[in-house]
Amino acid sequence: IRKIRVFYFDDTLATTKSDVLFTAPDGTKGSLNAEEFATQGKALLDQGYKFDFSEFNKVTKGKPGPLLDIAKKIQAARGTEDVFVLTARAPEAQVAIKEFLDSVGLNLPLKNITGLGNSTGAAKANWLVNKAAEGYNDFYFADDALQNVTAVRDAMSVLDVKSKVQQAKMSLEADINEDF
């Protein structure tokens, strides 16, 4: 048995205030937060919007996410050799993500943080399939976006591996307190 534990970064291990900047076909400029981009990004791209992800090369106003404690428990029990962080952010964000995670007590090797530069569920699923090809056969994957969870679950279902795929959600209490 070769275990791998993979956590998505944004809204899973951390929450940040980084935005995706855009220019609409008519020249209008604006921004989307990570959640808005996850739900609207593809449709806007199809409409001709141009995106700028430069804010995601750093961790802006980072705070612990809903599954950080689970990753830290794994670290305490088994170390972090087989714990990975996956993100749609560009590879240039790798160092900033490591610095943030170190600051909150999750100490991963830099090589275990992967910036895909791609926000699709298929990109995440393909990355995990490649890890199966490397010999991993016991998977845990957590992400806040349902489309990513679904894509990874579908990919894992056709492989001869054990897998658990989880959608990360912030607690309602935290949202209510912040809004209140």
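The sections below set out a description of the structure shown in this document. Owing to the predicted nature of the structure, the values given are computational and were not obtained by experimental measurement. (Residues numbered from 1 in each chain as written. Predicted model: local features only at pLDDT ≥ 70, side-chain atom pairs only at ≥ 80, totals over all residues. Heavy atoms only, no water.)

Broken down by element type, the chain carries six helices and 10 strands. Over its C-alpha trace the chain gives a radius of gyration of 16 Å, about what one expects of a compact globule, namely 16 Å for 180 residues. Oriented by its inertia axes, the alpha-carbon framework of the chain measures out at about 55 × 35 × 30 Å. By residue count, 41% of the 180 residues in the chain fall in the buried class. A fraction of 74% describes how many contacts in the chain between residues 6 or more apart in sequence connect residues 24 or more apart. (Helix = DSSP H or I, 4+ residues; strand = E, 2+ residues; numbered from the N terminus. Rg over C-alpha atoms; globule rule 2.2 N^0.38 Å. Buried < 20%, exposed > 50% of the residue type's maximum accessible area, 1.4 Å probe, protein only. Contact = heavy atoms within 4.5 Å.)

Glancing now at the side chain of Asn 148. Along the chain, Asn 148 turns up in helix α5 (residues 146-157). When neighbours within four sequence positions are excluded, Asn 148 is seen to be in contact with Ser 119, Thr 120, Gly 121, Lys 124, Phe 141 and Asp 143.

Our next topic: helix α4 (residues 121-133). Every α-helix winds through 3.6 residues per turn, so residues three or four apart in the chain are directed the same way. With 13 residues, α4 ought to run about 18 Å at 1.5 Å a step, and its terminal C-alpha atoms sit 19 Å apart, in line with that. Those residues of α4 lying buried are Gly 121, Ala 123, Lys 124, Ala 125, Trp 127, Leu 128, Lys 131 and Ala 132. Against β1 (3-8), β7 (83-87), β8 (113-115), β9 (138-143) and α5 lie the buried residues of α4. Two residues or fewer past α4, Gly 135 is found with a positive phi of approximately 110 degrees. (Expected span 1.5 Å × (residues − 1).)

Spatially, five strands are ordered β8-β7-β1-β9-β10 in an open sheet, and the strand pairing comes out parallel. Each having just a single partner strand, β8 and β10 (162-167) make up the two edges of the open sheet. Adjacent strand axes in the sheet meet at a mean angle of 15 degrees, parallel and antiparallel pairs treated alike. As defined by bridge partners, β7 adjoins β8 across three bridges and the pair is classed as parallel. Bridging across to β8, Thr 87 finds its partner in Gly 115. (Pairing = 2+ DSSP bridges. Axes fitted to C-alpha atoms, helices over the stretch in contact; angles between N-to-C directions.)

A few words on the sheet that holds strand β3 (residues 19-23). Within the open sheet, the three strands sit side by side as β4-β3-β5. Their pairing is antiparallel. Strand pairing shows two members of the sheet lacking a second neighbour, β4 (29-33) and β5 (50-52), which therefore form its edges. Shown here is a sheet whose adjacent strand axes are inclined to one another by a mean of 30 degrees, direction ignored. Pairing analysis gives five bridges linking β3 to β4, with the strands arranged antiparallel. Note that in β4 the partner of Phe 22 across the bridge is Gly 30. Set on the sheet, helix α1 (residues 34-46) makes contact with β3, β4 and β5; between it and β4 the angle comes to about 130 degrees.

Shape descriptors only; they carry no functional weight alone.
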